Amino acid sequence: MTSPQSFPIDSVEDLGEHIYDPFNICRIPLRPRVESNQKVILCHDMMNGYHQDAEIQGGERTETIYSFQYWQFVDIFIYFSHHRFTIPPVNWTIACHRNGVKCLGTFIVEWQNGLPDLLRLIYGPNYDEQLPSTQRDFDPYYANKMIEITEFYGFDGWLINVESIIPSAIHAIVLKRFLDYLTKTIHVKKPGSLIIWYDSVIYTGQLRWQDQLNVKNKMFFDVTDAIFVNYTWNPAKLQESRDFANNRKDQVFTGIDVWGRNTFGGGGFNTHKALREISKVNLQIAIFAPGWTFESLGKEHFAINERRFWCDTNQDIPILPGEDQSTAIDLKDIGCVSQYIDLKAGAGITNFHSNFNQGFGSKYFIHGELVSNIPWHHLAQQNIPLSYPVVKPNLSVVKNSLIKNPSDSWVDLELQGHDSYLGGSSIAVTSAQNCSTAELICIPLYKVNICTNKNSKFRLIYKQVKGAVLLGLYWKTNDNLAHIKFATGEKIDHNWMQIESTVSSSGFLTEIGIAVGSFSRIPSDCIKLPLDCQEVDIPPFEVQNCDSFEYLLGSITIYDYIPTIHNITGKLVVERGEPKIQNELISVTLNWASLELNVTEKLDMRLIYIDSVFIGASFNNIYVANVSQGVKTIEIRLYNELSFFVGKIVDTITLN
């Protein structure tokens, strides 16, 4: 019994015979997120897919892995490969859903060797190529199979990419019927799902990329949710697409190939040039293969290159010998992706939570306790990344004068991995420079759109490492008020503290973050600052020396309920594998699906312990563990979507 893996389906015939895998099911629902007018597809294509990201339970990390940390710029994620049916690895689906992003798989046929599978897909398992076209008809068998797979594994639809020449317009018409049936039926079976057509074959069946929406590919667009336009367009074709789409321009996604390859602007660090042109005509965006920062530029400087690509033109990056000129930085036109993409609100409508987990780390912590020194990866554990990865203070108060959007800050933020409250990372809040005046500064961490009520509370978990400043809560409401609350921290676990405050207003939170004060007395009341004025009425504070300080942020939560703690009794279902001779460990599958039926909470992470030792995390109700012989106590601790503990399952098993 090996560690479970996500996998694709390599033929239409295999689709019909697919054996469903309970390990690859996503049980994390798509979190609600307020939609923006501008929508962005990220189409992830890297070395034909299914690498470390396919290890469902994660694993030991021996090198830098690819992960995506900029969900605040994306609405739809497509997992792309050249397998026939690319089912997204469940770790990606979970990370997407936690961030309010839809996750799609891919169906692809390419060149002439893909044609038989395409025809079998649309005509069904009894397709006979010897029959004349007049004796063939559309069969929904495989469309239904695709829908079943989408429902079973919990992802959100398909990109359909037909890059094989279809030898007859009659086949193209049947393909349209297939798409029409697939789209309408999946909407009924799985509301909110998407079927997206790639700009490839045209109404005659010829393979002719149009680089725009027009009369030649319209018939496929008409029966699907959107079109992903090929990436070798020019500005004139953008305008023509917009005009032709009429009232469906919001379903036209214009492709950009980050690898360059004749894409407008050159791709790479010049991707912003294409985005600028697309934004002029208000079409949607599809960014293809942004993993270029990892696959082409290398693992060593991946985080730096990725940050430069998405959001930080001030980030210095290494110059690589032989780098393609089209993708290299153009010093005459410097930019990055975020300059032309709307910042999306963090996922959550009435509640919000992040513990800043990146989905990998050098250590692992649970409630501030170090439980493993082994470097690890598990992309399903990734939380909501900061909306503002570059420090951008919202306001500063010096001598009762309010400075909105100050250009400088005496506070730095950095994601770090040497300590954490839950997972493998936290946010280090440190001194960027000495502050010699009594100053209050507010630093937003997340753009949000959270509806609050009388029960809503704001909680920050943090640790003081060295030095001392005042650390508090900051939130901004839809009435343009900034709220700042300082309080004495309450000790909770392993030197971690928490600050908590009621969010008094009933309305919407639009921004949440931290407040830092370089003064020595804690204000007792919540400070409210109208952002449409310059002078503010705040009592004078005494300055204190804050030339060197460090705090760690462990988690940030907005919540309006106290979870129910469940006392769960019952027996685990245990399937035993063969012993591993080298170390006499026995591989066992633990299944507690029937026991979770009594839990009313929206479950997220399950932490697995054997004889009180942490062995791993699951986001399902099934787990494979390697266990030594003897009597073993299994404990599964259940956490909800806000990382609140909601119960545990305990059982004893005997392995001889």
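Residues numbered from 1 in each chain as written. Predicted model: local features only at pLDDT ≥ 70, side-chain atom pairs only at ≥ 80, totals over all residues. Heavy atoms only, no water.

## A closer look at the pattern of salt bridges
1) Next: The final tally for this structure, using the stated rule, is 24 salt bridges.
2) Next: Among the ionic pairs, R33 bridges to D75, the shortest N-O distance being 3.9 Å. You can see R33 sitting in the loop between α1 (12–16) and β1 (40–45) and its partner D75 sitting in the loop between β2 (59–60) and β3 (76–80), a full 42 residues away along the chain. Judged on exposure class, the residue R33 and its partner D75 are both buried.
3) Next: K218 serves as the salt-bridge partner of D222, at 2.8 Å between the closest nitrogen and oxygen. (Salt bridge = Lys/Arg side-chain N within 4 Å of Asp/Glu carboxyl O. Helix = DSSP H or I, 4+ residues; strand = E, 2+ residues; numbered from the N terminus. Buried < 20%, exposed > 50% of the residue type's maximum accessible area, 1.4 Å probe, protein only.)

## As for unusual backbone geometry
1) Next: Located in the positive-phi region is A289, a residue other than glycine, with phi close to 60 degrees.
2) Next: Within the secondary structure layout, A289 lies in the loop between β10 (284–288) and α9 (292–295).
3) Next: Positive phi, close to 70 degrees, is recorded for S612, a residue that is not glycine.
4) Next: Positionally, S612 belongs in the loop between β33 (603–610) and β34 (613–618).

## Structural notes on the sheet that holds strand β30 (residues 566–568)
1) Next: Pairing within the open sheet is mixed, and its 5 strands lie in the order β30-β37-β36-β33-β34. Of all the strands in the sheet, just β30 and β34 have a single pairing partner and so form its edges. Pairwise comparison of adjacent strand axes, ignoring direction, gives a mean angle of 20 degrees for this sheet.
2) Next: With 5 bridges connecting them, β33 and β34 associate as antiparallel partners. Pairing of R606 across the sheet is with S618, part of β34. (Pairing = 2+ DSSP bridges. Axes fitted to C-alpha atoms, helices over the stretch in contact; angles between N-to-C directions.)

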